[in-house]
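# Chain and residue survey
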Amino acid sequence: MPTSTRILMMIAAALLSLGAVGLALGDDDEDDEARGGWLRPRADVAPVTNETYVRECGSCHMAYQPGLLPGDAWILIMQPTSLAAHFGDDASLSEDLRAEIASYLKANSADRAGRSRSRAFAVAARPDAAGQGTGLPRITRTRYFLHEHDEIPPRLVIGNPDVGSFSQCDSCHRGAADGVYNEKQVSVPGHGRWED
C-alpha cells in the first residue's frame, strides 16, 4: 500500500475517533443524565464530611454544605440563641455538639473554600435583598443564589407542593447532597428539566 494511502487512512481513523469522543462527551440524552452520564459531574461545592453535622442538622433538613455561606454567617446561625430560634424551630444543641459543628462549618465555609461556586457564595448579599437585616443569614438571600435563581418563576418552587421553598435545594438539584449544583442536573418536580 502506498505511503500516501496509509497516511490518509490514519487521518480518517483519527477523525472518526475524535468524532466518537465528541459524541460521547456531547450526548445530552436525559436517560444518560439520570444514570450519571458518561462523565460523572464534579461537585461544585465540597460535600459534607462531618458525621455529627449530618446527624444533628441533616435529621431536620438537608445538611447544607459549609461552602454555601461565609464563615461569619455560620457563626451567627450556630449561636445558642440563634439555635433556640432556628428559622421557626428550636434546634438547641449541647455545647460540645454546637462547638464541633460551628468549628466544622467555619473551617469549610465559602470564604475559605477552594471551589469557585463556593467562593461565589462568599460575596456579601445585596443590601436591597428581601429579608436582609432581619433574622438569621440565609443561603437563599446571598447575592450569588439570587443571581442564579432570578429567572425561575416562584410558582415552580414556592407554589409547587413538591418543593415549597427555595431552601429545598435537593428537591430540584438532584446532586445537591453530593455538592453538585450543575444546571444540567436540575429537574423541577412537576415541571421537568430546567433550562435558562
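Residues numbered from 1 in each chain as written. Predicted model: local features only at pLDDT ≥ 70, side-chain atom pairs only at ≥ 80, totals over all residues. Heavy atoms only, no water.

### Describing empty space enclosed by the protein
- Enumeration according to the criterion identifies 1 cavity of 30 Å³ or more in this entry.
- Its boundaries defined by the atoms lining it, the largest cavity holds a volume of some 360 Å³.
- If you go around the largest cavity, you meet 23 residues; those closest to its centre are F145, H149, I152, H173 and V186.
- Looking at which element gives the most residues to the lining of the largest cavity, the answer is helix α8 (residues 143-148), with 3 residues.
- Here the residues of the lining of the largest cavity are counted per class, giving 15 nonpolar, 4 polar and 4 charged. (1 Å grid on protein atoms, 1.4 Å probe; cavity = no way out; pocket = protein on both sides within 12 Å on 5 of 7 lines; lining within 4 Å. Points joined across faces, edges and corners; volume = space filled by probe spheres on them. Helix = DSSP H or I, 4+ residues; strand = E, 2+ residues; numbered from the N terminus. Nonpolar A, V, L, I, M, F, W, Y, C, P; charged D, E, K, R; others polar.)

### Details of the side chain of N160
- By secondary structure assignment, the location of N160 is in the loop between α8 and α9 (169-172).
- Given a relative accessible area of 9%, N160 falls into the buried group.
- A distance of 3.1 Å separates the side chain of N160 from the backbone oxygen of L156, its partner in a polar contact.
- When near neighbours in sequence (up to four residues on either side) are disregarded, N160 contacts R155, V188 and P189. (Buried < 20%, exposed > 50% of the residue type's maximum accessible area, 1.4 Å probe, protein only. Polar contact = N/O pair within 3.5 Å; in protein donor to acceptor, adjacent residues only side chain to side chain. Contact = heavy atoms within 4.5 Å.)

### A closer look at the environment of Q185
- Along the chain, the position of Q185 falls in the loop between α9 and β1 (187-188).
- Each C-alpha atom, one on Q185 and one on R174, is 5.8 Å from the other, the two residues being 11 residues apart in sequence.
- What Q185 contacts, discounting residues up to four positions off in sequence, is P41, C172, H173, R174 and V180.

Interpretation note: all reported values are geometric properties and have no functional meaning in isolation.
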